Amino acid sequence: MADKDSVEKYLENNPQFAKEYFDKKLRAEALSAAFSAPLDVKDTASFKDVNSLQEAGIIFELVQEMQKQAVPMEQSLHKVLQRVSLIIQADRVSFYLCRSRNGIPELATCLFDVTPTSKYEANLVNPQGEIVFPLEMGIVGHTAQSKKPQNVPDVSANKKFCDFVDKQTGYKTKCMLTFPLMAEKECLGVVMALNKIGADTFSAEDETLFHKYMNFAQVIALQHFTAYMFNVESRRSQVLLWSASKVFEELTDIERQFHKALYTVRIYLQCERYSVGLLDMTKEKEFYDEWPVKLGDVEPYKGPKTPDGREVIFYKIIDYLLEAKEEIKVIPGPPADHWALVSGLPTYVAENGFICNMMNVASDDYFTFQKEAVDDTGFVIKNVLSLPIVNKKEEIVGIATFFNRKDGKPFDEHDEQITEALTQFLGWSVLNCDTYDRLNRMEYRKDIAQEMLMYQTKCTDTEMQSILNTKEKFDADPEDCEQKDMYKLLKATCPPADNVNGENLYLFSFSDFPVTEHDLIKCGIRMFFELGVVEKFKVPAETLTRWMYTVRKGYRSITYHNWRHGFNVGHTMFCLLQTGRLRKYYSDLDAFAMVAAAFCHDIDHRGTNNLYQTKSAHPLAKLHGSSIMERHHLQYSKTLMGEESLNIFCNLQKRQFENVQHMFDVCIIATDLALYFKKRTMFQNIVNATEPMPEEKEAIAYISNNPVRKEIIMAMMMTGCDLSAITKPWEVQSKVALMVAAEFWEQGDLERSVLDQQPIPMMDRNCAEQLPKMQCGFIDFVCSFVYKEFSRFHKEITPMFDGLNNNRAQWNAQAEVYNAKMKAIEDEKKKLEEEEARKGGDGGKSKTCTIC
């Protein structure tokens, strides 16, 4: 019998015979039968020299592994890494997944320390226990960046080697092979084999075998990547499609719009829960809310702000809890310790506008995430993805925060792209709500404008000639006359300040009753000349006349808030500046704007207050949220400024004109008595500060050099002007009070007839006899403080306080008469009741029939 050596020698010398023999003896059926049995590795040393049949068995096994559809990529790769470790005799093999978070590529351990006999479950890395490092670190990172395989015989001699992972695991790396798994130009991950068993380095033959078997890993990774990207694109398209359909279903409210879209796409976001915080869009506070801060009485806001300067205030949180039974919670005005806000991450995103993708948040030191369950459901936060919702104006309108991907892995760049597409779409869709809101506001403005146009018209040429009579004097139109000549004509036409039908414009006691409404227009023009602002600011005589006449026409013919009231407020402002000597704190332009604003402060008043506008759902109430009528008067005044032929500030520089518009804001809004109690303490503090100052210059500097103090005094001056009728001589005040009461009663009648409501006593004409008592209460509660403090502030204003006290005494006398009358009625009623009771106690005897 031939021995082994002779057979091998014969086959080598006769290759054709060997080929025919193996073709005949080892057909496909034989190979199939051989490969059908699973490859069981018991002794890895037996595979030191792998023969062709054994290698064929390994390859066949890996091909079968590639065909499995429902198996996770990691499980299939684990089989490949086991066989690679076996064939090249590596101590261990690992797979690092390449991904991106927050725009930064990184590598993370996916399958770690794989050996030929290790279990899949032991090698699969838990997402919370991943070792993560950037691509710039180590030989594995270099492989991912260069996209080229590496054979490093001695890692200690390689500059790119980093012992970061060795320190984490306590392992000593000596030599390694690496291979990048690619999808075209994108690196999906890196396979790394460490430390050749029985040798110091991996040989060239080992490297060749490693690269050959990496083709299987390449195919598996590419199959998974293709399926994953299909899923990503499918989810992205569904998110955009459904959110688009829901966004356009709801146009009236941003909150409902967001909610519908976010709830519909919940199944495509693949997270356990998410939360949406809506930000307050208020950019600027009202000027009167800023006064305490500017005066130092209140600490300024020092918290985080959005990139456009808004304070970060979440006015509503919507929580979508999807981990078990679906639940949606809407929390208006959420507390700072709300589970989605307590970490500070949403606030950070709102402040910086960044996308924040965080894994294993419990170990984060910067944000204070809860390490235990956040609520009774036992939900624990592991991974978080937070994004800003930005509108077309690049303003952050909300923050969307997603918690815990359903497969337990961290959110990756594709999750960022899907959620970013959603938040961008939601942000852009805010334009729909804004456009809808603007259309509504335009409709409200149109309605108001039509109402104004139906009632008001500008000053006509004929009306203008009734005051500035250039045709009669110069036989020419105003545009053909010199300004100096028209100034002289106006001054001559207007009555002198010290004799207006026997009244003096410089006295607080001035009464408009002896003066016609037409002559009051001339008096208004006279006051501007007395201030010295007409020539200084080059106000055209024709423009001044048209503006003054148009303002008069802007006031409706109602009982009290008519042109006479508007004139009286402007006149009192003039007196406070000139007679009260308050002008020393203000520039000429300030004085010009303050008197003009005072004339306009109640223009187009309807005889009903702000509350009535709200109750009756008037378009004004829908257009203006607060200080409804005051904002309407202000808008009307600015409309006149916008008309070239009526703009008395036409020759000012841009900055001066903006300053005038701001003073109109302050003056006219300040006439809302609802704001009176906000400013009175601040005004009193200024009076207290200036009262002990020995020199006038010190007080002037204290006020004039501080714009906020000037505005506070200006606002209180407007209140004093608006209420000035209460300080007039008794014969004037008593008549005005009846006109005010009559207008209030008219509103009360409307409340009964239109709103079907019972008016308050002040508005109820059935309570007319209580007028003296109500006047005393109004003086004590509102008026007395104003004029008392002004008389302390400037003794020249004392006549107003004296007039107030005199009128209070008169009203009190009438109130006592009323009280005495009511007491007499009560006494008489009581007397009759006692008499009836006495009669009822006579034993029931008849007065007409007596039995003897």
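Keep in mind that what you see is a predicted model, and the values were worked out from it rather than measured. All residue numbers refer to position in the chain's written sequence, counted from 1. The predicted origin of the model limits local features to residues at a pLDDT of at least 70 and limits the giving and counting of side-chain atom pairs to 80 or more, whereas totals for whole chains, interfaces and linings rest on all residues. Note: side-chain values were computed over all heavy atoms of the structure, leaving out hydrogens and water.

### Quick notes on the overall build of the protein chain
Alright, step 1. A run of DSSP states H or I qualifies as a helix once it reaches four residues; a run of E qualifies as a strand once it reaches two. Both are numbered from the N-terminal end. A tally of regular secondary structure across the protein chain gives 31 helices and 12 strands.
Alright, step 2. The dimensions of the protein chain, computed from C-alpha atoms along their principal axes, are 160 × 110 × 55 Å.
Alright, step 3. Each residue's exposure class comes from its accessible area (1.4 Å probe, protein chains only) as a fraction of the maximum for that residue type: buried when under 20%, exposed when over 50%, partly exposed otherwise. With 852 residues in all, the protein chain has 48% of them scored as buried.
Alright, step 4. Taking contacts inside the protein chain between residues at least 6 apart in sequence as the whole, the part at least 24 apart equals 70%.
Alright, step 5. Neither His nor the chain termini are counted; the positive set is Lys and Arg, and the negative set is Asp and Glu. Charge positions come from single atoms, namely NZ of Lys, CZ of Arg, CG of Asp or CD of Glu. Within the protein chain, one finds 101 positive and 122 negative side-chain charges whose respective centroids are separated by 1 Å. By the convention used here, residues are in contact when the closest approach between their heavy atoms is within 4.5 Å.

### Considering the packing of aromatic side chains
Alright, step 1. Ring pairs shown here join Phe, Tyr and Trp side chains whose ring centres sit within 6.5 Å, with only the six-membered ring taken for Trp; geometry is labelled stacked below 30 degrees between planes, edge-to-face above 60, and tilted in between. Summed over all chains, the structure comprises 34 aromatic pairs.
Alright, step 2. Relative to Phe649, the ring of Phe592 has its centre 4.8 Å away and its plane inclined at 50 degrees; by these criteria the two rings are tilted. Pair noted here: Phe592 is in helix α21 (residues 588-600) and Phe649 is in the loop between α24 (628-642) and α25 (654-669), with a separation of 57 residues, a long-range link. Each member of the pair Phe592 and Phe649 is classed as buried.
Alright, step 3. What links up through ring pairs into an aromatic cluster is the set Phe510, Phe528, Phe537, Trp547, Tyr555, Trp563, Phe567, Phe592, Phe599, Phe649 and Phe664.
Alright, step 4. The positively charged end of Arg266 is found above the aromatic ring belonging to Tyr263, 3.9 Å away from the centroid.
Alright, step 5. Working rule: Lys NZ or Arg CZ, within 6 Å of ring centre, within 35 degrees of ring normal, means a charge sits over the ring. Sitting above the plane of the Phe785 ring, Arg680 keeps its charged end 4.4 Å from the centroid.

### So, a negative patch on the surface
Alright, step 1. To count toward a patch, a residue needs a relative accessible area above 30% and no salt bridge. Like charges then connect within 9 Å, nonpolar side chains (Val, Leu, Ile, Met, Phe, Trp, Tyr) within 5 Å. Values of accessible area rely on a 1.4 Å probe in the Shrake-Rupley scheme; residue burial ignores everything except the protein chains shown. Every case where a carboxyl oxygen of Asp or Glu lies within 4 Å of a side-chain nitrogen of Lys or Arg is listed as a salt bridge. On the surface, a cluster of negative charge is made up of Asp3, Asp5, Glu8 and Glu12.
Alright, step 2. With respect to the helices, strands and loops of the structure, Asp5 is situated in helix α1 (residues 4-13).

### What about the sheet that holds strand β1 (residues 90-101)?
Alright, step 1. In this description, strands pair whenever DSSP reports at least two bridges between them. If you trace the 6 strands from one edge of the open sheet to the other, you get β3-β2-β1-β6-β5-β4, paired in antiparallel fashion. Unpaired on one side and paired on the other, β3 (132-134) and β4 (150-152) mark the two borders of the sheet. Sheet twist, expressed as the average angle between the axes of neighbouring strands with direction ignored, equals 25 degrees.
Alright, step 2. Here β4 runs beside strand β5 (residues 176-183); their pairing, made up of 3 bridges, is antiparallel. Bridge pairing links Asn151 to Leu177 in β5.
Alright, step 3. In this description, a line fitted to the C-alpha atoms serves as the axis of each element, helices being fitted only across the stretch in contact, and the angle between N-to-C directions of two axes falls anywhere from 0 to 180 degrees. On the sheet, helix α5 (residues 73-88) packs against β1, β2 (104-114), β5 and β6 (186-196) and is oriented at approximately 60 degrees with respect to β2.

### Describing the packing of helix α26 (residues 676-690) against helix α28 (residues 707-722)
Alright, step 1. Here α26 crosses α28 at 120 degrees, and the two axes come no closer than 9 Å. Taken together, the axis directions place α26 and α28 in an arrangement best described as oblique. Regarding α26 and α28, the two cross each other, and that crossing is left-handed. Mapping the contact onto sequence places Tyr676, Lys679, Arg680, Met682, Phe683 and Ile686 in α26 and Arg709, Ile712, Ile713, Ala715, Met716 and Thr719 in α28.
Alright, step 2. Among the residues making up the contact of α26 with α28, the classes are represented as 8 nonpolar, 1 polar and 3 charged. In what follows, roughly perpendicular refers to angles from 65 to 115 degrees, roughly parallel to angles under 35, roughly antiparallel to angles over 145, and oblique to any angle outside these ranges. In this scheme, a crossing is called left-handed if the near helix is turned counterclockwise away from the far one by less than a right angle; it is called right-handed if the turn is clockwise. Throughout this entry, Asp, Glu, Lys and Arg are counted as charged residues, while Ala, Val, Leu, Ile, Met, Phe, Trp, Tyr, Cys and Pro are counted as nonpolar. The remaining residues, Gly among them, count as polar.

### What about helix α18 (residues 517-531)?
Alright, step 1. Residue count minus one, scaled by 1.5 Å, sets the expected span of a helix. Over its 15 residues, α18 runs 22 Å from end to end, which matches the ideal 21 Å to within 8%, given 1.5 Å per residue.
Alright, step 2. Counting buried residues in α18 gives 11 out of 15 residues, a clear majority hidden from the surface.
Alright, step 3. The complete set of buried residues in α18 reads Leu520, Ile521, Lys522, Cys523, Gly524, Ile525, Arg526, Met527, Phe528, Phe529 and Leu531.
Alright, step 4. Looking at the buried positions of α18, the neighbouring elements they touch are α17 (483-493), α19 (541-554), α20 (563-578) and α21.

### Brief notes about the pattern of salt bridges
Alright, step 1. Tallying each qualifying case throughout the model produces 50 salt bridges.
Alright, step 2. Lys446 is paired through a salt bridge with Glu443; the nearest N and O atoms lie 3.9 Å apart. You can see Lys446 and its partner Glu443 sitting in helix α14 (residues 413-455), 3 residues apart, about one turn around the helix.
Alright, step 3. For Asp604, the salt bridge goes to Arg606, with nearest N and O atoms at 2.8 Å.

### A look at the side chain of Asn807
Alright, step 1. Within the fold, Asn807 resides in helix α31 (residues 798-839).
Alright, step 2. Given a relative accessible area of 0%, Asn807 falls into the buried group.
Alright, step 3. Only 2.7 Å separates the side chain of Asn807 from the backbone oxygen of Ile726, close enough to count as a polar contact. Each polar contact in these results corresponds to two N or O atoms within 3.5 Å; when the atoms are within protein, one needs to be able to donate a hydrogen and the other to accept it, and residues that are neighboring in sequence are counted only if both atoms are side-chain atoms.

### Description of the confidence of the model for the protein chain
Alright, step 1. The share of residues in the protein chain with pLDDT of 70 or more is 90%, and the mean pLDDT across the chain is 87.
Alright, step 2. Predictor confidence is given residue by residue as pLDDT, running from a minimum of 0 to a maximum of 100. Per-residue pLDDT stays below 50 along residues 26-37; that stretch engages in 6 contacts with residues further than four places along the chain or on separate chains.
Alright, step 3. Segment residues 844-852: pLDDT under 50, and 0 contacts once partners within four positions in sequence are set aside and those in other chains are kept.

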